[in-house]
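Topology and contacts: notes
Letter by letter, the chains look like this.
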Amino acid sequence: MTTTPDIAPLTRLASGCEVHLPGSAGYDAARTPWNLAVDQRPAAVAVPRTVEQVQDVVRAAAAAGLRVAPQSTGHGAAALGELELGGVVIVRLSELTGVTVDADTRTARVVGGTLWQDVVAAASSYGMTALHGSAPDVAVAGFVLGGGLSFYGRQHGLAANAVTAIEIVTGEGALRRASATESPDLFWAVRGGGGNFGVVVAIELELLPHADVYAGMLLWDRERAPEVVPAWVAWTRTAPESATTSLRVMSFPPLPELPPFLSGRDLVVIDGAVLESDDDAAALLAPLRALAPEMDTFGRIPATALLEVHMDPPGPSPAVADHSVLGSLDAAGVEVFLEQVGPGTRTGLLAAELRHLGGALARPDARGGALSAIPGEYALFCVAMAPEPQAAVAGRAAAFGVVRALSAWSRANLVPTFTETRVDSSRFYDGEDWAALCRARDVADPNRVFVANHGL
Ligand SMILES: Cc1cc2nc3c(=O)[nH]c(=O)nc-3n(C[C@H](O)[C@H](O)[C@H](O)COP(=O)(O)OP(=O)(O)OC[C@H]3O[C@@H](n4cnc5c(N)ncnc54)[C@H](O)[C@@H]3O)c2cc1C
């Protein structure tokens, strides 16, 4: 029998934090995550504007016997949405934002729910950038706490490794700072351990000394996939760490809001960044350009423009996805990939992506946290648009079908930020790290106040 949680303490918060309860006017808007396919129905959604309000919400929730799910944007809401959230308060960090750059130490201090686009813009004023992902409106918090794969990643490693300190509200409502010298166990755990340890209200991270970057995309009709896919896979085997790229087979519906080169088309697209001089980058890309793409946007661009290269959706969207990490792909693996998504197939997917891993992404960092490297050669990510529930069922099946077809090439591990379903989260970590992470959670959150999209 379920009991109705007593949410009265939340409505009496001394600090006046905005709290939306089921049935109230703002509840539906507040509970809606970036991923519109996720129908999360929590006991309440709190939208704090100060750290004190975060502390009050956590204390009030715990006093009411409710659990707390930190959420910045809801880009990663799919796995959380699989849970029954009737006893959970979502703490949405969208109004607790801000970024300060320290040019001397080449670091940024990023408040709770700040988006990557704001960090990249602030860093660019000083000729720097950061280990952001492909989309401008992903929050720094969920990205770095789950590892974080950037187009600078093969050279500079996981984004989590660039974090130098965090400030976090714990299950008792206390504000703690963790770094290599302050609460080092907590600092280790949170870098990879996601939202299981508290509400992160600030992150300090190292910036990168790049004002501009050689980046862009190459695009062909999908009919060319049988040439392009094996050529890119062969190219990745010898590509230097300075190059981080992705290959996607994409299908776009005919929509007037899409540019003609995308609307109604099936395509193969290679994109990413190359941290080399113009001449060296051009020489490196020459074998791919020799395949005569119909569009080639690679060139030197301001570092801020790298956020647009991957053509991620410009705003909240309904999507379902599946994922695996692949080891090396031989000719048979490439053939299976093409059988699944190549010319003539009707996949129902928006994209089947192979994100190149390796390089610094695969090297554990001695100064890093619970997740400091991702073993494997490629992250496979298959995504379908799901504007209504039936499309979500079909999209999940389509995405799973491609992942399953490539199971002979897949590894046991998964990338947290690419995982959109509840899985056995020991698959994200090295076995000993997993056990240490669970012990760290027992110390940091013994009452299990926090609920993350990927639980421990
Ligand atoms: C269009 C798109 C492009 C993407 N591109 C990339 C990419 O290039 N590389 C990559 O690695 N990933 C990528 N992702 C995945 C993305 O990084 C993850 O979904 C990430 O978790 C999103 O973080 P968020 O805070 O915006 O999302 P949320 O859904 O708000 O957060 C996800 C989880 O992170 C934790 N969390 C978030 N904020 C806090 C906080 N303040 N305190 C404590 N815990 C918190 C919580 O456990 C939460 O459930 C992409 C996703 C999308 C939809």
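Residues numbered from 1 in each chain as written. Predicted model: local features only at pLDDT ≥ 70, side-chain atom pairs only at ≥ 80, totals over all residues. Heavy atoms only, no water.

**Quick look at the nonpolar core**
In summary, soluble globular proteins display a tendency toward joint burial of nonpolar side chains. In this structure, W116, V144, L149, F197 and I203 are the most contacted members of the largest nonpolar core, which totals 73 residues. Counting residues per element, this core draws most heavily on helix α6 (residues 140-145), which supplies five residues. When we break this core down by domain, the ones giving at least three residues each are domain 2 (99-209 + 430-444) and domain 3 (212-418). Beyond its immediate chain neighbours, meaning those up to four positions away, W116 contacts A130, L131, H132, G133, A135, P136, V138, A139, V140, F143, V144 and L205. One finds V228, L288, L291 and V341 within the second-largest nonpolar core, a separate group that totals 45 residues. (Core = buried A, V, L, I, M, F, W, Y, C linked by side-chain atoms within 4.5 Å. Buried < 20%, exposed > 50% of the residue type's maximum accessible area, 1.4 Å probe, protein only. Helix = DSSP H or I, 4+ residues; strand = E, 2+ residues; numbered from the N terminus. Domains from an automatic or database assignment. Contact = heavy atoms within 4.5 Å.)

**Observations regarding the site of the ligand**
Residues in contact with the ligand amount to 32 residues; listed here are only the nearest, S72, T73, G76, L149 and T417. Here an oxygen atom of the ligand and a backbone polar atom of H75 are 3.3 Å apart. Note that an oxygen atom of the ligand is positioned 3.3 Å from one of the backbone N or O atoms of G195. When the ligand is considered free in solution it has 940 Å² of accessible area, and contact with the protein chains removes 93% of it. Of all the secondary structure elements, the ones that give two or more residues to the shell around the ligand are β3 (67-71), α6 and β9 (199-206). With four residues, the top contributor of residues to the shell around the ligand is α6. Looking at the shell around the ligand residue by residue, the class counts come to 15 nonpolar, 15 polar and two charged. (Near = heavy atom within 4 Å. Polar contact = N/O pair within 3.5 Å; in protein donor to acceptor, adjacent residues only side chain to side chain. Areas by Shrake-Rupley, 256 points an atom, 1.4 Å probe, with all protein chains shown as cover. Nonpolar A, V, L, I, M, F, W, Y, C, P; charged D, E, K, R; others polar.)

Interpretation in functional terms is not warranted from these geometric data alone.
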